[in-house]
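# Breakdown of the fold
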Amino acid sequence: MTVIIILLGASISVSALFLAGFIWSVKNKQYDDEFSPPVRILFDDKPGDDTTTVDTQ
């Protein structure tokens, strides 16, 4: 029975820590930029970096 109480306290502590981290990240505007990540993946290659070769034989 004692183990259950210890595990319950540990799990509540860990979940409170993650909740505090999430609230901190939302308050520091970590999720406000919804435009840049999808656009950044489209333009990841540098211009003029086309080094692919095609064998026509």
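Whatever comes next refers back to the structure up there.
The structure displayed is predicted, hence computed values, not measured ones. (Residues numbered from 1 in each chain as written. Predicted model: local features only at pLDDT ≥ 70, side-chain atom pairs only at ≥ 80, totals over all residues. Heavy atoms only, no water.)

## Considering the overall build of the protein
Defined as follows: Helix and strand definitions follow DSSP, with helices as H or I runs of at least four residues and strands as E runs of at least two, each counted in order from the N terminus. Accessibility here uses a 1.4 Å probe with only protein chains present; expressed as a share of the type maximum, an area under 20% marks a residue as buried, one over 50% as exposed, and anything in between as partly exposed. For the area figures, the Shrake-Rupley method with a 1.4 Å probe applies, and any residue is considered shielded solely by the protein chains shown.
Along its length, the protein carries 2 helices and 0 strands. Taking all 57 residues of the protein together, the buried fraction comes to 2%. Carbon and sulfur atoms make up 64% of the accessible area of the protein, which amounts to about 6,000 Å² in all.

## Quick notes on a nonpolar patch on the surface
Cut-off, in case you're wondering: Grouping into patches uses exposed residues only, defined as over 30% relative accessible area, and leaves out salt-bridged ones; the cut-off is 9 Å for like charges and 5 Å for nonpolar side chains (Val, Leu, Ile, Met, Phe, Trp, Tyr). Definition used for salt bridges: Asp or Glu carboxyl oxygen within 4 Å of a side-chain nitrogen of Lys or Arg.
On the surface, a cluster of nonpolar side chains totalling about 500 Å² of accessible area is made up of Leu19, Phe22, Ile23, Val26 and Tyr31. Looking at Leu19, the relative accessible area reads 49%, which means it is partly exposed.

## Here's the deal with the side chain of Ser25
Within the secondary structure, Ser25 sits in helix H1 (residues 2-27). On the basis of relative accessible area, Ser25 is assigned to the buried category, the value being 10%.

## Focus on the packing of aromatic side chains
The line we're drawing: Note on aromatic pairs: the rings of Phe, Tyr and Trp (six-membered ring only in Trp) are paired at centre separations within 6.5 Å, and the planes decide the class, stacked below 30 degrees, edge-to-face beyond 60, tilted for the rest.
Applying the stated criterion to the full structure yields 1 aromatic pair. Ring geometry for Phe22 against Tyr31: centres 6.0 Å apart, planes inclined by 45 degrees, an arrangement best described as tilted. Overall, Phe22 belongs to the partly exposed group, its relative accessible area being 46%.

## Some thoughts on H1
Going by this rule: By definition here, a helix of n residues has an expected span of 1.5 Å times n minus one.
The end-to-end C-alpha separation of H1 is 38 Å, in line with the 38 Å expected for 26 residues at 1.5 Å each. Immediately beyond the C-terminal end of H1, within one or two residues, lies Lys29, with a positive phi of roughly 60 degrees.

## Let's talk about unusual backbone geometry
For residues that are not glycine, phi is negative in most cases, and the peptide bond is trans in most cases. Positive phi, close to 60 degrees, is recorded for Lys29, a residue that is not glycine. By the element assignment, Lys29 lies in the loop between H1 and helix H2 (36-42). What makes Lys29 exposed here is its relative accessible area of 60%.

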